Amino acid sequence: MTSHAPETGHTRTAVRPHHPHRVTASSTRTRRLKLTLGGVALLSTTALLVSGCSSSSASEDAPSTPTAGTSEATSPSPSPTPSPTPTSSPTPSPTSSLEAAVKEITDAQWSRMVAAGLWRKGCPDVRDQLRRVEMNYLGFDGKVHRGVLVVNADVTASVIRIFTRLFEEGFPIRRMEPMEVYDGDLNASLAADNTSAFNCRRPDQINAPFRESPHANGRAIDINPRENPWINLRTKKWSPSAEYAERTEGKGKILEGGLVWQAFTEEGWVWQDIKVPDYMHFDTGYPSVPFKGPTASPSAASPSTAGSTTGQSAPAG
């Protein structure tokens, strides 16, 4: 398209100097027509180039909603398309409600839990005490997700208060799924960076006698295991990895004196109720007994002495 303009210029230069007195009305109209067509072609090409650049730039700067870029490129109206309101966004606002729901464990879920080995002979008889707490949480992707924690009925009110605070203050959680999703395998759950609670752990993964274990009684929670690892007493290594073992500020980390630590300890929970680092772990005391709320001070309530005043030789989880 751009070749028309140079040809027209060349014709004009060749005709005018040599035979100005022989130019007829017909040839003048022909020459003007060529010039006009050449100019139109040049303007059309320029318009297309400018339009192409504007469309590309707009699509990079516009929101990811499909209608934003389309309306800007095709609408003949000079007025811009109004931006979508926050309520029309497919991503729920992090400031929305926790919307917690406490439900009894159904026969169907209990069957799945037993099949996955979360409960077996010798584990505490807690079937009727367990509750399924469904609630929203803020993911690492900045979006609101729905999660599930299976806990003892006597800690449900405390759990909801704690996670409401974490939610409202924007603490991110990778995922929150019941342990039957991982067939009761602690290591699989840790590797998935899964926040979980109840699990009468397998004999080769248990950290305390079945009946005394806070996890086996639904009174312990492990949060973001990858960002908050523990030292496995069997392997003497960080689990699931040592990548985030250093206690420095970081996304999803739990630090003494920080938000998560405050939310749990102010409710009477104990952080790292064990003699080795276990940054993911909170429980209501070891051995596990009915929880009566923040006024009922569990064993080793002081975070500075957590795990050292109970005298246990095995971890409380």
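Our subject is the structure listed above.
Residues numbered from 1 in each chain as written. Predicted model: local features only at pLDDT ≥ 70, side-chain atom pairs only at ≥ 80, totals over all residues. Heavy atoms only, no water.

Asker: I would appreciate a short explanation of unusual backbone geometry in the present structure.
Answerer: Peptide bonds are mostly trans, and most non-glycine residues show a negative phi. Omega for the peptide link from S239 to P240 comes to 5 degrees, which places this bond in the cis form. Checked against the element boundaries, P240 lands in the loop between β6 (237-239) and α7 (259-265). Backbone torsion omega between Y286 and P287 reads -5 degrees, so that peptide bond is classified as cis. Residue placement: P287 occurs in the segment after β8 (281-283). Here the phi dihedral of E99 falls at roughly 50 degrees; this positive angle occurs in a residue that is not glycine. Mapped onto the elements, E99 comes out in the loop between α3 (66-74) and β1 (101-104). At K236, a residue that is not glycine, the phi angle is positive and equals roughly 60 degrees. Turning to its location among the elements, K236 is positioned in the loop between β5 (230-232) and β6. (Helix = DSSP H or I, 4+ residues; strand = E, 2+ residues; numbered from the N terminus.)

Asker: Just checking my understanding: could you explain the nonpolar core for this structure?
Answerer: Grouped burial of nonpolar side chains is what soluble globular proteins tend to show. Counting residues in each nonpolar core, the largest one holds 29 residues, and the members touching the most others are L149, V159, F163, I221, I223, F264 and W269. Only β2 (130-138), β3 (144-152), α5 (156-168) and α7 provide two or more residues apiece to this core. For this core, the leading source of residues is α5, giving five residues. Those residues in contact with V159, other than ones at most four positions away along the chain, are M135, L149, V151, I221 and W269. Residues I105, M113, L118 and V126 belong to the second largest nonpolar core, which totals eleven residues. (Core = buried A, V, L, I, M, F, W, Y, C linked by side-chain atoms within 4.5 Å. Buried < 20%, exposed > 50% of the residue type's maximum accessible area, 1.4 Å probe, protein only. Contact = heavy atoms within 4.5 Å.)

Asker: Could you clarify how one ought to interpret the environment of F210 in this entry?
Answerer: Along the chain, the position of F210 falls in the loop between α6 (186-191) and β4 (220-222). F210 gets classed as partly exposed once you look at its relative accessible area, which sits at 22%. It is 10.0 Å that separates the C-alpha atoms of F210 and W119, two residues lying 91 residues apart in sequence. Sequence-distant contacts of F210, that is, excluding residues within four places in its chain, are made with R120, G122, C123, P124, C200, R201, P203, A216 and N217.

Asker: Which parts of the structure should I look at to understand the sheet that holds β3?
Answerer: Strands in a sheet are paired, the pairing made by backbone hydrogen bonds, and the direction either parallel or antiparallel. The sheet built from three strands is open, its strands ordered β1-β2-β3 with antiparallel pairing. The strands lining the two open edges of the sheet, one partner per strand, are β1 and β3. Strand-to-strand twist in this sheet, taken as the mean axis angle between neighbours without regard to direction, amounts to 25 degrees. Note that β1 and β2 share four bridges and pair antiparallel. Bridge assignment links K103 to a residue of β2, and that residue is R132. Packed on one face of the sheet, α5 meets β1, β2 and β3 and runs near 5 degrees to β2. (Pairing = 2+ DSSP bridges. Axes fitted to C-alpha atoms, helices over the stretch in contact; angles between N-to-C directions.)

Asker: Explain the pattern of salt bridges here, please?
Answerer: Inspection of every chain in the model, using the stated rule, returns eleven salt bridges. Close ionic contact of R127 with D107 constitutes a salt bridge, the shortest N to O distance being 3.0 Å. Separated by 20 residues along the polypeptide, R127 in the loop between α4 (107-115) and β2 and D107 in helix α4 bring together distant segments of the chain. Look at D107 and you get exposed, because its relative accessible area is 56%. Residue E266 pairs with R165 through a salt bridge whose shortest N-O separation is 2.9 Å. In this pair, E266 is assigned in the loop between α7 and β7 (270-271) and R165 in helix α5, connecting sequence segments 101 residues apart. Ionic contacts of the salt-bridge type, sharing partners, join the residues K103, R132 and E134 into one network. (Salt bridge = Lys/Arg side-chain N within 4 Å of Asp/Glu carboxyl O.)

Asker: Can you help me understand the packing of aromatic side chains in this one?
Answerer: Two numbers describe a pair of aromatic rings. These are the distance of the centres and the angle of the planes. All told, the structure shown has eight aromatic pairs when counted by the stated rule. When the ring of W110 is compared with that of W119, the centres are 5.8 Å apart and the planes differ by 50 degrees; the resulting orientation is tilted. We classify W119 as partly exposed; its relative accessible area is 24%. In this structure an aromatic cluster arises from ring pairing among F163, W238, F264, W269, W271, Y279, F282 and F291. (Phe/Tyr/Trp six-rings, centres within 6.5 Å; stacked < 30°, edge-to-face > 60°.)

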